[in-house]
Amino acid sequence: MVSGGAGYIGSHVVKRLVEAGRPVVVLDNESTGHRETVRAVEALTGREIPYIPGDAGDGDGVRRIVEEYRVGAAMHFAAKSVVAESVRHPEVYFSENVAKGIAFFRALCEAGVSRIVLSSTAAVYGNPERVPIPEEHPVRPINPYGASKVMLEQVLGWLETTFPMRWVALRYFNAAGADPSGRLGERHDPETHLIPIVLEAAMGRRERVTVFGTDYDTPDGTCIRDYIHVLDLADAHLEALAALEGGHPSAIFNVGTGRGHSVLEVIRMAEEVCGRTVPVELGARRPGDPPVLVADGGRLREIGWQPRYGLREIMASAWAWHSGEGR
């Protein structure tokens, strides 16, 4: 079962699972996901995918799905994930992410599901003491979004002491890019992620890109992030599931390339790839933004995962999606 499987990352993972020959059922409440995204995966793979419109927080509904489809493993993507929004509305994030996540996990465990992969985040680290950031780094989130994911990781750890289950939490750094078919990509309303915003500005769909903060302690004064191609991220989920099936103990893995790019570097790369100028406005810092987030991904590499794509490939695939090429 893939909760949030009609969303950006979830749909790419569903495609990879289907391509790997795994039976999949998608659960999505369509608050940010799109049913047509799953239909696009069906068209690309030639496989019908059971799709259940519903909420991951509906324990009875989750138990029915487990029983009907004989679910043995679950991947949990369904969550709210906008840092600035979480600062403005922390109560919403603890309700949507934590309370509903607990209900989802409880229903899975009570129904006998023994393997769970959680979509977590590098936001759990807060302002890192060292970079690249290892999994052993203290978790000190500086926004409610990161705090909500810390809580879900802790819940899984305690559930394992009660139920016969094992779990993996994948702490994403910055997911970006799109499927090479041009049929799957990043689509949010409103859009808050840097690369699609930059590309929208390049296409004239928005007036400019606002750079939030130019006085950080970084080489060019702007925030640095580790951008991971969504296809590499999808592969990490399959490796995590395979590890659990092979007897690997419960674990937390960073998912990142180990290389960071600043906001201004991302804008310059977009201009190179698109062949267009991106209008820029310099603004004040946003609350809750750490200056640098770059992964130490060595632990995930030990179980067989390797990132295949860099920033240029990420930008080119995202440009193909956003500009309509390949659709």
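Please read all numbers here as calculations on a predicted model, not as lab measurements.

The positions that UniProt labels "domain: NAD-dependent epimerase/dehydratase" (unreviewed entry) are, in the present scheme, residues 2-256. Secondary structure content for residues 2-256 is 40% helix and 17% strand, while the C-alpha to C-alpha distance between its ends is 22 Å.

Moving on to the pairing of strand β11 (residues 251-255). Consecutive side chains along a regular strand alternate between the two faces of the sheet. The element β11 is extensively covered by neighbouring structure, given that 5 of its 5 residues are classed as buried. In β11, alternate side chains face the same way, and those of Ala251, Phe253 and Val255 on one face and Ile252 and Asn254 on the other are all buried. One ladder, built from 5 bridges, connects strand β6 (residues 166-172) with β11; its direction is parallel. Residue pairing in the sheet places arginine 171 in a bridge with asparagine 254 of β11.

On to the packing of helix α5 (residues 90-110) against helix α6 (residues 144-159), then. The geometry of α5 relative to α6 is characterised by a closest axis approach of 9 Å and an angle of 20° between their N-to-C directions. With respect to each other, α5 and α6 are oriented roughly parallel. Helix-helix and strand crossings are classified by hand; for α5 and α6 the assignment is right-handed. In contact with Pro90, Tyr93, Phe94, Asn97, Val98, Gly101, Ile102, Phe105 and Cys109 of α5, α6 contributes Pro144, Tyr145, Ala147, Ser148, Met151, Leu152, Val155, Leu156 and Leu159. Across the contact of α5 with α6, the residue classes tally to 15 nonpolar, 3 polar and no charged.

Under the criterion given, the structure shown has 2 aromatic pairs. Ring centres 6.5 Å apart and planes at 85° place the aromatic pair tyrosine 93 and tyrosine 145 in the edge-to-face group. Taken together, the positions of tyrosine 93 in helix α5 and tyrosine 145 in helix α6 put the pair 52 residues apart, joining distant regions of the chain. Ring centres of phenylalanine 104 and phenylalanine 105 lie 6.1 Å apart, and the angle between their planes is 50°; this geometry places the pair in the tilted category. With relative accessibility at 0%, the residue phenylalanine 105 sits in the buried group. Against the face of tyrosine 216 rests arginine 285, its NZ or CZ located 4.0 Å from the ring centre.

Definitions and cut-offs
Numbers given for residues are sequential positions, taken from 1 along each chain in its written order. Residues qualify for local features only when their pLDDT is at least 70, as the model is predicted, and side-chain atom pairs are given and counted only at 80 or more; totals for whole chains, interfaces and linings, by contrast, use all residues. The side-chain values count all of the structure's non-hydrogen atoms but skip hydrogen atoms and water molecules. UniProt positions are given in the numbering used here, feature names are shortened, and annotations may be inferred rather than shown by experiment. A run of DSSP states H or I qualifies as a helix once it reaches four residues; a run of E qualifies as a strand once it reaches two. Both are numbered from the N-terminal end. Under the scheme applied here, a residue whose accessible area is under 20% of the maximum for its type counts as buried, over 50% as exposed, and between as partly exposed, the area being computed with a 1.4 Å probe on protein chains only. Whether two strands pair comes down to DSSP finding at least two bridges between them. Simply put, an axis is a line fit to the C-alpha atoms, just over the touching stretch for a helix, and the angle between two N-to-C directions goes from 0 to 180 degrees. Here the word oblique covers every angle except those under 35 degrees (roughly parallel), over 145 (roughly antiparallel) and from 65 to 115 (roughly perpendicular). Here a crossing is called left-handed whenever its near helix is offset anticlockwise from the far helix by less than a right angle, and right-handed whenever the offset is clockwise. The contact definition used throughout considers only heavy atoms, calling two residues in contact when any of these lie within 4.5 Å. Ten residue types, Ala, Val, Leu, Ile, Met, Phe, Trp, Tyr, Cys and Pro, are classed as nonpolar, four, Asp, Glu, Lys and Arg, as charged, and the remainder, Gly among them, as polar. Geometry of aromatic contacts follows a simple scheme: Phe, Tyr and Trp rings, the Trp one being its six-membered ring, pair when their centres are within 6.5 Å, and the pair is stacked under 30 degrees between planes, edge-to-face over 60, tilted otherwise. Criterion for a charge above a ring: Arg CZ or Lys NZ at most 6 Å from the ring centre, at most 35 degrees from the ring normal.

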